[in-house]
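Residue-level listing of the chains:
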Amino acid sequence: MRDALVAAAFQLFLERGYEQTTIDDIVALAGVGRRSFFRYFPSKEDVVFPDHERCLADMTAFLASGGDEHEPVQRVCDAARLVLRMYNENPTFSVQRYRLTKKVPGLRAYELSVVWRYERALADYLRGRFAGRPDGTLQADVIAAAVVAAHNNALRSWLRSDGQRDAATEVDHALGYVQSAFGNPSAPAAVQVQQQPEDVVVVVSRRDAPLWRVVQEIEAALGRD
């Protein structure tokens with residue numbers, strides 16, 4: 001019944017327009033009563049975003065299941081990919097919703113409130129991981145905002161292509177910027193650096209010394225004279 005209500009609503013939105021469609025119109029087309037509608041959706045706006053509550057719950061559970069072994073920035077980037085997966089489950093519906101939302105200011109405002117809830121979930125997780133750090137709360141809020149901005153930039157690019165581009169590649173590319181800016185170096189990279197020590201030679205010379213003399217002093221320090 002839930003899916004039937006969503007299908008009926010979008011059929012009417014596309015035929016008549018969002019503002020011209022009432023809840024009575026939706027339930028009449030779906031063949032159910034008003035009480036059935038409100039059992040699933042608190043308002044007409046909610047029928048446009050039927051999957052976000054489930055996705056937000058999945059994201060919250062995913063973050064809560066993470067332990068100290070998970071790098072925090074990588075974890076929130078992976079959590080953002082759950083939102084992409086939700087959009088990618090039904091590309092046609094996602095593109096239709098994107099077009100509708102662009103036309104209706106009220107839906108755009110509603111969408112922004114949903115995005116803010118995702119951002120808060122990411123920030124709350126990072127605040128817990130960064131507790132005790134200097135500026136830990138600031139870092140958490142900035143990184144969460146960056147993850148959402150990167151994800152949404154790639155998502156909208158995919159939606160503008162009518163779902164023709166590779167959504168996962170777009171999002172991975174965008175989130176890569178966040179991880180490179182805020183993520184911690186991986187353990188293998190740190191080991192590799194430690195395995196390649198470098199000698200440092202310091203030579204003190206007069207500023208007005210000729211270049212050949214400076215080179216000679218360097219060679220002498222390296223034992224090549």
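Just so it is clear, the model here is predicted, and its values are computed rather than measured.

Visitor: Please provide a residue-by-residue account of the overall build of the protein, values included.
Guide: When helices and strands are tallied, the protein shows 12 helices and zero strands. Taken from the N to the C terminus, the helices and strands of the protein come in the order α-α-α-α-α-α-α-α-α-α-α-α. Counting over 225 residues, the protein shows a buried share of 37%. Put simply, 64% of the contacts in the protein that link residues at least 6 apart link residues at least 24 apart.

Visitor: Go over the confidence of the model for the protein with me, naming the residues and quoting the values.
Guide: Mean pLDDT over the protein: 85, with 82% of residues reaching 70 or higher. Ranking the elements of the protein by mean pLDDT puts helix 11 (residues 187-194) last with 31 and helix 9 (residues 136-160) first with 95. Scored below 50 in pLDDT, residues 185-198 shows zero contacts in the model against residues more than four places distant or in partner chains.

Visitor: Hey, could you go over the packing of helix 8 (residues 105-129) against helix 9 for me, with residue numbers and the actual values?
Guide: Running from amino to carboxyl end, helix 8 crosses helix 9 at an angle of 135°, the nearest separation of the two axes being 8 Å. It follows that helix 8 is oblique to helix 9 by the angle criterion. Where helix 8 crosses over helix 9, the two elements pack in a sense that is right-handed. Along the contact surface, helix 8 presents Arg108, Val115, Glu119, Arg120, Leu122, Ala123, Leu126 and Arg127, while helix 9 presents Thr137, Ala140, Asp141, Ile143, Ala144, Ala145, Val147, Val148, Asn152 and Arg156. Partitioned by chemical class, the residues of the contact of helix 8 with helix 9 number 10 nonpolar, two polar and six charged.

Visitor: Describe the environment of Gly67, naming the residues involved and giving the relevant values.
Guide: Mapping Gly67 onto the fold places it in the loop between helix 5 (52-64) and helix 6 (72-88). Each C-alpha atom of the pair Gly67 and Arg129 lies 9.4 Å from the other, and the pair is 62 residues apart in sequence.

Visitor: Which residues make up the nonpolar core, and what are the values?
Guide: If you look at the biggest cluster of nonpolar residues, it comprises 40 residues, and the most contacted ones within it are Met59, Val76, Tyr118, Leu122, Leu126 and Val147. Looking at this core, the elements that each hand over two or more residues are helix 5, helix 6, helix 7 (91-103), helix 8, helix 9 and helix 10 (167-182). Residues within four places of Met59 in sequence aside, it is in contact with Ala79, Ala80, Leu82, Val83, Tyr118, Ala121 and Leu122.

Visitor: Describe in detail the pattern of salt bridges, supporting the description with residues and values.
Guide: Tallied over the entire structure, the rule returns 13 salt bridges. A salt bridge links Arg54 to Asp58; the nearest nitrogen and oxygen atoms lie 3.7 Å apart. Placement of the pair is Arg54 and Asp58 together in helix 5, with a separation of four residues, close to one helical turn. The partly exposed category is assigned to Arg54, whose relative accessible area is 36%.

Visitor: Hey, could you go over the environment of Ala4 for me, with residue numbers and the actual values?
Guide: The topology assignment puts Ala4 in helix 1 (residues 2-16). With relative accessibility at 39%, the residue Ala4 sits in the partly exposed group. Separated by 25 residues in sequence, Ala4 and Leu29 have C-alpha atoms that sit 9.2 Å apart.

What counts and what doesn't
Residues numbered from 1 in each chain as written. Predicted model: local features only at pLDDT ≥ 70, side-chain atom pairs only at ≥ 80, totals over all residues. Heavy atoms only, no water. Helix = DSSP H or I, 4+ residues; strand = E, 2+ residues; numbered from the N terminus. Buried < 20%, exposed > 50% of the residue type's maximum accessible area, 1.4 Å probe, protein only. Contact = heavy atoms within 4.5 Å. pLDDT = per-residue confidence, 0-100. Axes fitted to C-alpha atoms, helices over the stretch in contact; angles between N-to-C directions. Parallel < 35°, antiparallel > 145°, perpendicular 65-115°, else oblique. Left-handed = near helix turned anticlockwise from the far one by under 90°. Nonpolar A, V, L, I, M, F, W, Y, C, P; charged D, E, K, R; others polar. Core = buried A, V, L, I, M, F, W, Y, C linked by side-chain atoms within 4.5 Å. Salt bridge = Lys/Arg side-chain N within 4 Å of Asp/Glu carboxyl O.

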